[in-house]
Amino acid sequence: MKNSILNIAVDTPVSQIFDYYPPEDSDCSPKIGQRALVPFGRREVVGFIHGISNDSSLPKKKIKSCKSIIDKDPLINEGAHELVSWCKNYYHHPLGKTYATAVPRYLRAGKTPAIEKMLFQESKDKKKLKAHQKKAYDGCIKLLKKSAHILLNGVTGSGKTEIYLHLMERVLSKKEQVLFLVPEIGLTPQLYEAITSRFGNCVGLIHSSTTDKSRAKAWLAAKENKLSVILGTRSSIFVPFHSLGLIVIDEEHDESYKQQSGLMYSARDLAVVKAKKSGCGLVLGSATPSYESLLNAEKGKYSEVRLTKKVFSAKPPEKKLINLNTNSSKKGLSAPLFRSISKALKKGEQSLLFINRRGYSPVTMCEECGKIEECPRCESNLVSYKGTGKLKCHHCSYQKTAETECLVCEGKKITVGHGTEKIEEELKDKFPNEMIIRIDRDTTSSNKKRVEAFGYAKSGDAKILVGTQMLTKGHDFPNLSLVAFVNVDQGLFGSGYRSSERFAQQYYQASGRCGRRNKKGLVLLQTHNAENEALQALLNDSYMAFYEKNKEDRRRLEWPPYTYSFLLRAESPSEKNVFHFLDNIAEFIKNSEYISSIKLLGPIQSPIGIIRGKKRGQLMLISKNRKKLHMIGGRLISFIDAKKLGTKVKWSIDVDPTDHS
């Protein structure tokens, strides 16, 4: 190996890999997947040996030697190496930055923690499956024997979690490992408790609230086969398991599985790739599957198993519209909604009010001249927070003290619209003796606050819950009988092509949480568009019936999942530089041999045209041919590098985008 060239991936934004000679004095034989300390400019950095070759395009005298090889055995095993390579190619992302996403920061710093054994024990307190669960479980077992990818499509309350646990036991008893992904940190405590109470202390947690060192410990323990289960959010998909037997993706439809910066990967889609490459089982579960997964089931790429019954037999909740054109609302809440909350309180039952906007009010405006408070660094309104007396930007975190008078005309400032904080305030005025809990990103910023808030919600101590979509994801509130959507129009009639799909998922998820344990549930929707066909369909149809109607619009308009797309974004302090970059890209695409099979949208200003003082623009590529789309994606990067177009802008490619802002 003395004359070998080590191809090392370093955490830089360039797409190239860097060549080094092995260390001159080393007892360690170089292997793919090891960490190596290398000179890089004036620094020494930790990189990953991605390949080993016999020659280099560089002159021999320009090739430096590694300082040292950190690992005796590869830190990145074969499966992880394949996944990183696949990611780099599919998402057209620099290899070093892909490693930086895949490997915990503690390990990237060259450190190696001590790990302990935390293995599966004989199951305790095993629950018996109900008839409909047993049928679904048996169906899953048959399909997993054929290495099928399973879409477990089960209504809320149908007992999907218990099926997951039974499937996990079967895998763990064979001394294989399990990866269990959830979309939100808030779902990990209840699942951690369920898994450990059943299978013992065999679970490693990986999410943003765990420390760098504990994340690295879980990651490494799974690789060394000293840990049976990893439970975590999307980054857990990169854990290099020793003997992976099953991947579970709970709430597979959730958009939180898609990373929105850096390596913009979909953990759900990577789970499919990981399962194929490792030969392990894959179960994607949801009460409201994504349109992509439903189409994959229709095409036979996934095998669908349905659960149409609930564990606790209960009548479907009653659903009513509150027409805000005839029922005026005070601070977003109408008289019929107040009456319904009062009725639930008299019966000792819980109410949940859903509004997908944090803060007190999304708009602060002068009532005299109409001037709206905007972020000086972003093209967006500042959100009012009454509790802190601040105006905050949800894009760049800029904040300022709220003024009572307009600085332009000295007119009085008023707030317009409703956020979770304003709804909470009005409820406290109306029901001063009740415990009211607000659950959103602001009130659950720490693990302690999150556990406390959900503890009050699940125990039933808090009789009124107010929150964003965090409340609709996989939680079981036994005492909940009323769910109210404060502003239906805001969600259902958004500008993106996914608006109706996302709102339908939120609606069916939230409404399915009420009326459990033999309670009669009630779902209220406040709207100014009571006669709208899509809204009527939500009330009268199942999610699958809604999907069957809605998917035809997607097909007709040639939006995903019936097409594939890339979103190219650029930003710079100079708008001229942004559109010089994008115009050159557009011209390159128009002159390419693939233009006949690609639809080009843009260049245009991004929906949020300025963030942190940077001007933003974008263009979108859409095609029915995924292969050709990726071929032009690869050529685009070569074109940008060759012409040095990216020197004056920060740019990115988002493959299969879910957010177009």
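Before reading further, recall that the structure is shown in the block above.
Here's a quick rundown of the structure. (Residues numbered from 1 in each chain as written. Predicted model: local features only at pLDDT ≥ 70, side-chain atom pairs only at ≥ 80, totals over all residues. Heavy atoms only, no water.)

So, the nonpolar core
So, point 1. Membership of the largest hydrophobic core comes to 112 residues, with the highest contact counts inside it found for Phe-485, Ile-585 and Leu-621.
So, point 2. Looking at which element gives the most residues to this core, the answer is helix 17 (residues 575–590), with seven residues.
So, point 3. With residues up to four places along the chain from it excluded, the contact list for Ile-585 reads Leu-568, Leu-619, Leu-636, Phe-639, Ile-640 and Leu-645.
So, point 4. Counting residues in each nonpolar core, the second largest holds 34 residues, with Tyr-137, Ile-150, Val-203 and Val-283 among its members. (Core = buried A, V, L, I, M, F, W, Y, C linked by side-chain atoms within 4.5 Å. Buried < 20%, exposed > 50% of the residue type's maximum accessible area, 1.4 Å probe, protein only. Helix = DSSP H or I, 4+ residues; strand = E, 2+ residues; numbered from the N terminus. Contact = heavy atoms within 4.5 Å.)

Side note on the packing of helix 9 (residues 291–298) against helix 16 (residues 543–557)
So, point 1. Following both chains from N to C, one finds helix 9 and helix 16 inclined at 90°, their axes separated by 11 Å at the closest point. With respect to helix 16, the element helix 9 is oriented roughly perpendicular. Packed against helix 9, whose contacting residues are Tyr-291, Leu-294, Leu-295 and Glu-298, the element helix 16 presents Tyr-543, Met-544, Phe-546, Tyr-547, Glu-548, Asn-550, Lys-551 and Arg-554 at the interface.
So, point 2. Here the contact of helix 9 with helix 16 is composed, by residue class, of seven nonpolar, one polar and four charged. (Axes fitted to C-alpha atoms, helices over the stretch in contact; angles between N-to-C directions. Parallel < 35°, antiparallel > 145°, perpendicular 65-115°, else oblique. Nonpolar A, V, L, I, M, F, W, Y, C, P; charged D, E, K, R; others polar.)

Some points on a positive patch on the surface
So, point 1. A contiguous patch of positive charge, built from Lys-142, Lys-145, Lys-146 and Lys-174, is present on the exposed surface.
So, point 2. Among the structural elements, Lys-146 can be located in the loop between helix 4 (131–145) and strand 7 (149–154). (Patch = residues over 30% accessible without salt bridge, like charges linked within 9 Å, V, L, I, M, F, W, Y side chains within 5 Å. Areas by Shrake-Rupley, 256 points an atom, 1.4 Å probe, with all protein chains shown as cover. Salt bridge = Lys/Arg side-chain N within 4 Å of Asp/Glu carboxyl O. Lys, Arg positive; Asp, Glu negative; His and termini not counted. Charge placed at Lys NZ, Arg CZ, Asp CG, Glu CD.)

Side note on the packing of aromatic side chains
So, point 1. Throughout the structure, instances matching the rule amount to 18 aromatic pairs.
So, point 2. Residues Phe-485 and Phe-503 carry aromatic rings whose centres are separated by 5.6 Å and whose planes lie at 65° to one another, so their mutual orientation is edge-to-face. Note that Phe-485 is positioned in strand 25 (residues 480–485) and Phe-503 in helix 14 (residues 499–511), a separation of 18 residues in sequence.
So, point 3. For Phe-485, a relative accessible area of 1% translates into the label buried.
So, point 4. Through successive ring pairs, a cluster of aromatic residues spans Phe-354, Phe-485, Phe-503, Tyr-507, Tyr-508 and Tyr-543. (Phe/Tyr/Trp six-rings, centres within 6.5 Å; stacked < 30°, edge-to-face > 60°.)

Considerations on the pattern of salt bridges
So, point 1. Going through the model one piece at a time under the given rule, you end up with 34 salt bridges.
So, point 2. Note that Arg-215 and Asp-212 form a salt bridge whose closest N and O atoms lie 3.7 Å from each other. Of the two residues, Arg-215 and Asp-212 are both situated in helix 7 (residues 212–223); the distance of three residues between them amounts to about one turn of the helix.
So, point 3. With its nearest N and O atoms 2.8 Å apart, the salt bridge here joins Arg-635 to Glu-593. Of this pair, Arg-635 sits in helix 18 (residues 626–643) while Glu-593 sits in the loop between helix 17 and strand 28 (599–611), and the two are 42 residues apart along the sequence.
So, point 4. Bridged by salt links that share partners, the residues Glu-292, Arg-498, Glu-501 and Arg-554 form one connected network.

A short note on the pairing of strand 9 (residues 203–206)
So, point 1. In terms of strand pairing, strand 9 meets strand 10 (residues 229–232) through four bridges, oriented parallel. What sits directly across from Val-203, in strand 10, is Val-229.
So, point 2. For the crossover that starts at strand 9, traverses helix 7 and ends in the parallel strand 10, the hand is right-handed. (Pairing = 2+ DSSP bridges. Right-handed = clockwise from strand over helix to strand, strands pointing away.)

Considerations on the sheet that holds strand 26 (residues 522–527)
So, point 1. Read across the open sheet, the six strands follow the order 14-26-25-17-24-23; overall the sheet is parallel. Edge positions in the sheet fall to strand 14 (318–323) and strand 23 (436–439), since each has one partner strand and no second. Put simply, the sheet's adjacent strands are angled 20° from each other on average, direction ignored.
So, point 2. Against the sheet, helix 14 makes contact with strand 14, strand 17 (350–354), strand 25 and strand 26, and its axis sits at roughly 160° relative to strand 25, the strand it touches most.

Examining the sheet that holds strand 6 (residues 68–69)
Remark on secondary structure: sheet strands pair via backbone hydrogen bonds, oriented parallel or antiparallel.
So, point 1. Ordered by their spatial adjacency, six strands build an open sheet running 5-2-1-4-3-6, and the pairing between neighbours is mixed. The open sheet has two edge strands with one neighbour each: strand 5 (64–65) and strand 6.
So, point 2. Of the strand pairs in this sheet, strand 1 (residues 5–9) and strand 2 (residues 18–21) are connected by three bridges, and their pairing is antiparallel. Along strand 2, the bridge assignment pairs Asn-7 with Asp-19.

With respect to unusual backbone geometry
So, point 1. Following Pro-560, the chain continues into Pro-561 via a peptide bond in cis, with omega recorded as 10°.
So, point 2. Residue placement: Pro-561 occurs in the loop between helix 16 and strand 27 (564–572).
So, point 3. Residue Pro-603 follows Gly-602 across a cis peptide bond; omega there is 10°.
So, point 4. Relative to the assigned elements, Pro-603 resides in strand 28.
So, point 5. Even without a glycine there, the phi angle at Asp-656 is positive, about 55°.
So, point 6. Residue placement: Asp-656 occurs in the segment after strand 30 (650–655).

Remarks on helix 16
So, point 1. The terminal C-alpha atoms of helix 16, which comprises 15 residues, lie 21 Å apart, in line with the 21 Å expected from a rise of 1.5 Å per residue.
So, point 2. Its maximal kink placed at Lys-549, helix 16 deviates by approximately 25°.
So, point 3. Considered for burial, the residues of helix 16 that qualify are Tyr-543, Met-544, Phe-546, Tyr-547, Asn-550, Lys-551 and Arg-554.
So, point 4. Residues of helix 16 that are buried sit in contact with strand 7, helix 9, strand 13 (303–307), helix 14 and helix 15 (533–540).
So, point 5. Looking one or two residues beyond helix 16, the residue adopting positive phi is Glu-558, at roughly 60°. (Expected span 1.5 Å × (residues − 1). Bend = angle between axes of the 7 residues up to and from the residue.)

Some details on the packing of helix 14 against helix 16
So, point 1. In the contact formed by helix 14 and helix 16, the axes pass within 11 Å of each other and the chain directions differ by 175°. One element, helix 14, and the other, helix 16, form an angle in the roughly antiparallel class. The segment helix 14 lies against helix 16, with Ser-500, Glu-501, Ala-504, Gln-505 and Tyr-508 engaging Tyr-543, Phe-546, Asn-550 and Arg-554.
So, point 2. Among the residues forming the contact of helix 14 with helix 16, the class breakdown is four nonpolar, three polar and two charged.

Re the state of the cysteines
So, point 1. For the coordinates displayed, the defined rule picks out zero disulfides.
So, point 2. No disulfide involves Cys-140; its nearest neighbouring cysteine sulfur is the one of Cys-280, lying 14 Å away.
So, point 3. Note on Cys-140: relative accessible area 0%, which makes it buried.
So, point 4. Residue Cys-280 is classed as buried on the basis of its relative accessible area of 4%. (Disulfide = S-S within 2.5 Å.)

Considerations on the environment of Pro-560
So, point 1. With respect to the secondary-structure elements, Pro-560 resides in the loop between helix 16 and strand 27.
So, point 2. Note: C-alpha distance between Pro-560 and Ile-608 (48 residues apart in sequence) is 22 Å.
So, point 3. Beyond its immediate chain neighbours, meaning those up to four positions away, Pro-560 contacts Glu-292, Tyr-497, Arg-498, Arg-554 and Ser-565.

Side note on helix 5 (residues 160–172)
Count 3.6 residues to each turn of an α-helix, and residues three or four apart come out pointing the same way.
So, point 1. Compared with the 18 Å implied by 1.5 Å per residue over 13 residues, the 18 Å span of helix 5 between its first and last C-alpha is a close match.
So, point 2. For helix 5, the buried fraction is high: 11 of the 13 residues fall into the buried class.
So, point 3. Where helix 5 is concerned, the buried positions are Lys-160, Glu-162, Ile-163, Tyr-164, Leu-165, His-166, Leu-167, Met-168, Glu-169, Val-171 and Leu-172.

Describing the environment of Leu-187
So, point 1. Assignment of secondary structure puts Leu-187 in the loop between strand 8 (177–181) and helix 6 (188–199).
So, point 2. Under the relative-accessibility criterion, Leu-187 is labelled buried at 2%.
So, point 3. Distance from Leu-187 to Thr-404, taken between C-alpha atoms, is 40 Å for residues 217 residues apart in sequence.

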